[in-house]
Amino acid sequence: LAIYPALRRGVKKLLIFATADAPPSGNHWASSQADVAAYFGAVPKGFGPEFWGGRVHHTLYNASSQVFKTTSWDDLMKELVELNEAGEPLIVRTELDVLPNAQQGIKGGYKADTLWIFNGGASQWRKRLAPCVKPVIDDMESFPYVAKNKLSVRPEVAGCLSHFAAWTVHQAAKDIRDMLATE
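Residues numbered from 1 in each chain as written. Predicted model: local features only at pLDDT ≥ 70, side-chain atom pairs only at ≥ 80, totals over all residues. Heavy atoms only, no water.

Caption draft 1: Structural view of the pattern of salt bridges. Applying the stated rule across the entire model yields 7 salt bridges. Here Asp138 and Arg126 are joined by a salt bridge, their closest N and O atoms 3.3 Å apart. Taken together, the positions of Asp138 in helix α7 (residues 134-138) and Arg126 in helix α6 (residues 123-127) put the pair 12 residues apart, joining distant regions of the chain. On the basis of relative accessible area, Asp138 is assigned to the exposed category, the value being 57%. Residue Arg126 is classed as partly exposed on the basis of its relative accessible area of 25%. The residue Lys174 makes a salt bridge to Asp178 at a minimum N-O spacing of 2.7 Å. Pair noted here: Lys174 and Asp178 are both in helix α9 (residues 173-181), with a separation of 4 residues, about one helical turn. According to the relative accessible area criterion, Lys174 is exposed, its value standing at 53%. For Asp178, a relative accessible area of 28% gives the class partly exposed. (Salt bridge = Lys/Arg side-chain N within 4 Å of Asp/Glu carboxyl O. Helix = DSSP H or I, 4+ residues; strand = E, 2+ residues; numbered from the N terminus. Buried < 20%, exposed > 50% of the residue type's maximum accessible area, 1.4 Å probe, protein only.)

Caption draft 2: Representation of unusual backbone geometry in the model. Omega for the peptide link from Phe143 to Pro144 comes to 10 degrees, which places this bond in the cis form. By the element assignment, Pro144 lies in the loop between α7 and α8 (155-171).

Caption draft 3: Region of interest: the packing of aromatic side chains. A complete count under the given rule lists 12 aromatic pairs for this structure. Residues Tyr4 and Tyr39 carry aromatic rings whose centres are separated by 5.2 Å and whose planes lie at 80 degrees to one another, so their mutual orientation is edge-to-face. Note that Tyr4 is positioned in helix α1 (residues 4-8) and Tyr39 in the loop between α3 (34-37) and β2 (50-51), a separation of 35 residues in sequence. Looking at Tyr39, the relative accessible area reads 6%, which means it is buried. Each member of the aromatic cluster is reached from another via a ring pair, and the members are Trp29, Phe40, Phe68, Trp73, Trp116 and Phe118. (Phe/Tyr/Trp six-rings, centres within 6.5 Å; stacked < 30°, edge-to-face > 60°.)

Caption draft 4: Just the sheet that holds strand β4 (residues 90-98), in detail. Strand order in this open sheet of 3 strands is β1-β5-β4, and the pairing throughout is mixed. The open sheet is flanked by β1 (13-18) and β4, the only strands paired with a single partner. Across the sheet, the mean angle separating the axes of adjacent strands is 25 degrees when strand polarity is ignored. Note: β4 against strand β5 (residues 110-118), 9 bridges, orientation antiparallel. Looking at the pairing, Thr94 lines up with Thr114 of β5. (Pairing = 2+ DSSP bridges. Axes fitted to C-alpha atoms, helices over the stretch in contact; angles between N-to-C directions.)

Caption draft 5: Looking closely at the nonpolar core. Counting 37 residues, the largest nonpolar core has Leu7, Phe40, Phe68, Trp73, Trp116 and Phe118 as the members making the most contacts within it. Those elements that provide at least two residues to this core are α1, β1, α2 (26-32), α3, α5 (70-85), β4 and β5. Considering every element that reaches this core, the biggest residue donor is α5, with 5 residues. (Core = buried A, V, L, I, M, F, W, Y, C linked by side-chain atoms within 4.5 Å.)

Caption draft 6: Fine view of α8. Counted at 1.5 Å a residue, the expected span for α8 with its 17 residues is 24 Å, and the 24 Å between its end C-alpha atoms agrees. Regarding α8, the residues found buried are Val157, Cys160, Phe164, Trp167 and Thr168. All buried residues of α8 project into a common sector of 100 degrees when viewed along the axis, lining one side. Exposed residues pointing more than 90 degrees away from the buried face of α8 are listed as Pro155, His163 and His170. (Expected span 1.5 Å × (residues − 1). Arc of directions from axis to C-beta.)

Caption draft 7: α9, seen in detail. Here α9 has its buried residues at Ala173, Ile176 and Met179. For α9, the angular spread of buried residues about the axis comes to 135 degrees, placing them on one side. Exposed side of α9, more than 90 degrees from the buried face: Lys174, Arg177 and Ala181 are the residues found there. Buried residues belonging to α9 abut β1, β4, β5 and α8. (Contact = heavy atoms within 4.5 Å.)

Don't take any of this as a statement about function, it's just geometry.
What follows is the structure in structure tokens.
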């Protein structure tokens, strides 16, 4: 998810993998996905990352992190919610205006072709599982959403997440090829 180094170099094609800890849904999601929302200056009031010394104020966090227009967050969210409701993988390709951000060393002033891939929209994948695996998935709390700060998961969760991630990337294969083929 670390896109700043690429944007500092003026990279115009970004393949972005992001971990979601809950299904996409409005302001709640912008707060739980503050690392992604901040790229758009969309971390809601009262939220921001929390560190040992306290919480970073949302205004400061947004200002120091924003590299895309806030309205683009709304567009991305709308598409992610629609995909999730349809049970489709959370894969969105969109062209974004790169804004200048002196704190991150980003000059901006150009457009980036982005492909966002989130862990979510698992119902199509679940339909393809062998009957003996479905109960294992059903026993997993909030699968495929996993808290970003969770450093240890059961082996069966790790295995299922790995298979789901591979399936999701396979679903994105055409978008990936198309993005890489364009100038």
